[in-house]
Every structure is written in structure tokens, then in C-alpha cells.
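# Inside the fold
Now for the letters of each chain:
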Amino acid sequence: MPRALFLFNHDAAHQVAHLAPVAAAMARDHRDIETVVAYSGPAIRARIEGLIDPEDVALIRWEELDLTGATKLLTGILDRLLPASRLARLRVHEKLFAESDAVISTERTCLRVQKRLGPERSPLFIRVPHGTGDRSVTFHPDHRRFDLSLVAGPKMAEQLAANGVDPARIRVTGYSKFEGIDLSAKPDFFENGRPTLVYNPHFDPHLSSWYEAGPELLRWFASEKGQAFNLIFAPHVMLFRKAMHVSPEYKIAKRRPDVPEEAMEAANILVDVDGPRLFDMSYMLSADGYIGDASSQLYEFLARPRPVFLLDPNKALQEQGERELPFLTTGPCASSVADLAAFLAELESVGKQYREVQQRLIAHTFDPSDEPPSSRAAQAIADAISAQRS
């Protein structure tokens, strides 16, 4: 029987929701193909199972990519500097990949297996991107090595083709993470009637606003003026995984500042740097406005258009411009906390001013369809396996 192996080889759960629905659809809709989920540890498996139906869980073959002994000890130490455990899992469990017809992954480290196995023994490698962002790291030359890329909409398909990916290796299948989420929901975490902003900085030390301006922004919200609003501090989950961050793309390293005490104690500020709500869109749906920089979660927020405020203290985003970063057109861009505070005073008018632009960009980013994105993606994978075997 052909085998489709879904790879969840990450230590954080932020990529799980992009791939878990596709694995479930594969197991449910294509029973002539064995669906295998290879996962990094119990926490990741629990997150996957929490996102899919128990009936689909039972149809899947589960394989833990465990590490033991000295390998586990050594990689645990090296993980502070590089993704040592991720790479070791690929090497230790290489036989599992070699025995599969297709490996479906949200990240490109799996291509190391492709290189080691060589063209005669390698399965198909299929990519499901974990997000729909614009920044240059969204494309990497390695993306040309995937046999198939399953993307959310026309925007990313065009980006890949413009960077040399064969259009025949690109399929638009929609955004699986939206499945099972009520995009009209509005959770209320404060119950005080004030407007709520979500602050979602990225971890990249060059593009992120956190290093230069983040703590100051949180202190402003904790101040008397800032208490006219609520703030949810919900950064990219990787920001607080390390004290020091390195950007291979920009060759910059910075130490991450801590959350100021004033913010931790303020009744109008919710701080969450590692909880499950960072992944399930609860915070994005609850907010009346978004503050951020390079995170692709901006696009998830804009699934329901609302005011966006960009914070760019070192002008790293503005230097790239709207052509490279279309999300810069979704709201005003501030270079300081003082400028941002002035924009927030016009929350409602900013939302109206940018709504039409936001709607056009979202229509180009996602490809809505009556057929669930996970089913579309599973069919594309089945088609690729069939073509490979014929």
C-alpha cells in the first residue's frame, strides 16, 4: 500500500494547525493510501489529536520520532544554538522516510533526508507552508527542491513562480488552519468594554519591533493613558523560547528583552508567551485592532478586516517597501511608541480608511472554496502519489 508520511518535526506547536487537518483528510478520504503521522513528542501529538476528530485519529498510524541516550542528551544541549534535535530525528529515523511514497512537511529541514537518500530512493517531498507572510524568508532557494507546494492562494503561488518554482509543482488548496474555526467569534478576555489591541511581534532580531520598542509599548499600555485600552501581548511563540536570537537572513544577533513588571501587574494587559491560545486564533479573533511587524499572523487577523498598526522602530520593514511587503499597505506604520499611540487615538477611522485595501489583499492571499482546504490538499497529495507510481 502507498504511504503518505506527515512530518511534525518541531518542538513548538505553532505549525501543527496548518498540517493536522490535511493528515486527517488524507486518512479519511484516501484509505487506499496509508497515512502516517511522524511527530516529535507527546505534546505535539496531543496538539494534533486536539485538532482532529477521534474517528480520524484512529485511522492514522502514529510514529514518535524519539531520541535516546547520548543523542538525546547532546542534542538537548545544542538546541540552545541550533535545531539539533530536529536534525537528529531526521537522521535517526531515516528508514521511515525511505519507506514512504511522500513526505508532507511545513518546513524545509526535511530536505536533508531527500539529499541523503538520493533520487533513486527518495520519496516525494511536499510542502504545506505554515503561514502566508510576505517577508523575503518566505521564499528560500530550497523551495525549488520540493516536488509539490500546496499554498493558500494566488499570492503565494505567484511568489513561488516568480522565484523559479515550476508552476506545475504548485497547487492552490486554501488555508487549512481556518477549518473548524468560527471566524466571526469574538472572545472577551477583559469584560470591561474597552477596545482591545493584540500585540504580536515576530522573533527575527532585525524585523521584530520587540527588541527596540516592545517593552516601552507594554509600559505605555500600563500607564494612565494606555489604560483606555486593553492589550493582549501574544508574540510569535518562538520569541520567548530563547534569550538570544540570531537572524541567518540578516546576519544579526540580539538579546531578547524581558516583559516589564508593570505589564505583568496591569489589569488591562494579558501576557501570554507560550500558551495554546497563541495557536488557535483566540487572541486574533478577540481584538479590535492589531499591532505587529513581520509575523504572518497579521493575515490570520485580517480574515476579518479590522484596524492594523505596524511598529517599525529601526525602519527594517519600511526599507523593503510595499512591493516586497504588501502587508505594509494594511495600516499606518509607526517608528516609535509615541507615534503609535497617536494612531491608536484614531482607531475607528483607521479601520475604515484601510478596509478596502485589506479586503483586496486577503482575497489575493486566501482561496475560499466550498470544498474544505484539507480535502483539496489531500487530493493533491493522492494525485501526486498516483502519478509517481504510474
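This text goes with the structure placed above it.
A brief look at the structure comes next.

About the criteria used
Residues numbered from 1 in each chain as written. Predicted model: local features only at pLDDT ≥ 70, side-chain atom pairs only at ≥ 80, totals over all residues. Heavy atoms only, no water. Pairing = 2+ DSSP bridges. Helix = DSSP H or I, 4+ residues; strand = E, 2+ residues; numbered from the N terminus. Core = buried A, V, L, I, M, F, W, Y, C linked by side-chain atoms within 4.5 Å. Buried < 20%, exposed > 50% of the residue type's maximum accessible area, 1.4 Å probe, protein only. Contact = heavy atoms within 4.5 Å. Polar contact = N/O pair within 3.5 Å; in protein donor to acceptor, adjacent residues only side chain to side chain. Axes fitted to C-alpha atoms, helices over the stretch in contact; angles between N-to-C directions. Phe/Tyr/Trp six-rings, centres within 6.5 Å; stacked < 30°, edge-to-face > 60°. Lys NZ or Arg CZ within 6 Å of the ring centre and 35° of its normal. Salt bridge = Lys/Arg side-chain N within 4 Å of Asp/Glu carboxyl O. Patch = residues over 30% accessible without salt bridge, like charges linked within 9 Å, V, L, I, M, F, W, Y side chains within 5 Å. Areas by Shrake-Rupley, 256 points an atom, 1.4 Å probe, with all protein chains shown as cover. Right-handed = clockwise from strand over helix to strand, strands pointing away. Parallel < 35°, antiparallel > 145°, perpendicular 65-115°, else oblique. Left-handed = near helix turned anticlockwise from the far one by under 90°. Nonpolar A, V, L, I, M, F, W, Y, C, P; charged D, E, K, R; others polar.

Neighbouring strands of a sheet are bound in pairs by backbone hydrogen bonds; such pairs are parallel or else antiparallel. The strand order across the open sheet formed by 6 strands is E12-E9-E8-E13-E14-E15, and the pairing between neighbours is parallel. Looking along the sheet, the strands with just one partner apiece sit at the ends: strand E12 (269-271) and strand E15 (333-334). For strand E8 (residues 196-200) and strand E9 (residues 230-233), the ladder comprises 4 bridges, and the chain directions are parallel. For Leu197, the partnering residue across the bridge sits in E9 and is Leu231.

Judged by nonpolar contacts, the single largest core of 71 residues is most densely connected at Phe6, Phe8, Val37, Ile48, Ile104, Val198 and Ile381. The element that contributes the greatest number of residues to this core is helix H1 (residues 16-29), accounting for 9 residues. If near-sequence neighbours (up to four positions away) are discounted, Ile48 is found in contact with Phe8, Val16, Ala20, Val37, Tyr39 and Trp62.

Another aspect to go through is the side chain of Ser295. Position of Ser295 relative to the elements: it lies in the loop between strand E13 (289-292) and helix H12 (297-301). On the accessibility criterion, Ser295 (4% relative accessible area) is buried. Polar side-chain contacts of Ser295 include one of 3.1 Å to the side chain of Asn200. With near-sequence residues (within four places) excluded, Ser295 lies in contact with Asn200, His202 and Tyr290.

Locating Tyr250 in the fold gives a position in the loop between strand E10 (244-247) and strand E11 (252-255). Among the polar contacts listed, one links the side chain of Tyr250 to the side chain of Gln320, at a separation of 2.9 Å.

Here we take up the sheet that holds strand E4 (residues 102-105). With parallel pairing, the 7 strands of this open sheet are ordered in space as E3-E2-E1-E4-E5-E6-E7. At either margin of the open sheet sits one strand with a lone partner, and together these are strand E3 (61-64) and strand E7 (170-172). The mean angle between the axes of side-by-side strands here comes to 20°, regardless of whether they run parallel or antiparallel. Of the pairings in the sheet, the one linking strand E6 (residues 148-151) to E7 comprises 3 bridges and is parallel in character. Each bridged residue has a counterpart across the sheet, and for Leu150 the counterpart in E7 is Arg171.

This brings us to the packing of aromatic side chains. Applying the stated rule across the entire model yields 14 aromatic pairs. Here the guanidinium or amino end of Lys155 rests over the ring plane of Tyr299, the centre of that ring lying 3.6 Å away. The ring of Phe301 carries Arg306 above its face, with NZ or CZ at 3.8 Å from the centroid.

Scanning the model with the defined rule gives 21 salt bridges in all. Note that Arg28 is salt-bridged to Asp29, the shortest N-O span being 3.6 Å. Given the relative accessible area of 33%, Arg28 is considered partly exposed. The exposure class assigned to Asp29 is partly exposed, which follows from its relative accessible area of 40%. Asp383 serves as the salt-bridge partner of Arg171, at 3.9 Å between the closest nitrogen and oxygen. In this pair, Arg171 is assigned in strand E7 and Asp383 in helix H16 (residues 373-389), connecting sequence segments 212 residues apart. By relative accessible area, which is 34% here, Arg171 ends up partly exposed. Overall, the relative accessible area of 35% leaves Asp383 in the partly exposed class. One network of salt bridges, with partners in common, ties together Arg3, Glu34, Arg61, Glu63, Lys95 and Glu99.

Let us look at a nonpolar patch on the surface. A contiguous nonpolar patch, built from Leu74, Leu78, Leu81 and Leu82 and spanning about 380 Å² of accessible area, is present on the exposed surface. Residue position: Leu74 is located in helix H4 (residues 69-78).

It is worth spelling out the environment of Val165 at this point. Relative to the elements of secondary structure, Val165 occurs in the loop between helix H8 (154-162) and E7. It is 34 Å that separates the C-alpha atoms of Val165 and Met244, two residues lying 79 residues apart in sequence.

Bringing the pairing of strand E14 (residues 308-311) into the picture now. Residues Val308 and Leu310 line one face of E14 and the alternating positions Phe309 and Leu311 line the opposite face, and both faces are buried. When E14 meets E15, the two strands line up parallel, connected through 2 bridges. Opposite Leu311, over in E15, you have Ala334 as the bridge partner. Following the chain from E14 across helix H13 (residues 316-324) to the adjacent parallel E15, one finds a crossover that is right-handed.

This part takes up the packing of H1 against helix H2 (residues 42-51). Look at H1 against H2: their axes get within 9 Å of each other, and the N-to-C directions meet at 60°. For the element pair H1 / H2, the angle class is oblique. Handedness of the H1/H2 crossing: right-handed. Judged by residue contacts, Val16, Ala17 and Ala20 of H1 engage Ile44, Arg47, Ile48 and Leu51 from H2. Counted by class, the contact of H1 with H2 contains 6 nonpolar, no polar and 1 charged residues.

So, about unusual backbone geometry. Notably, Met281 is not glycine yet its phi reads approximately 75°, a positive angle. By relative accessible area, which is 2% here, Met281 ends up buried. One non-glycine residue, Lys315, lies in the positive phi region at around 60°. The residue Lys315 is located in the loop between E14 and H13 in this model. With relative accessibility at 41%, the residue Lys315 sits in the partly exposed group.

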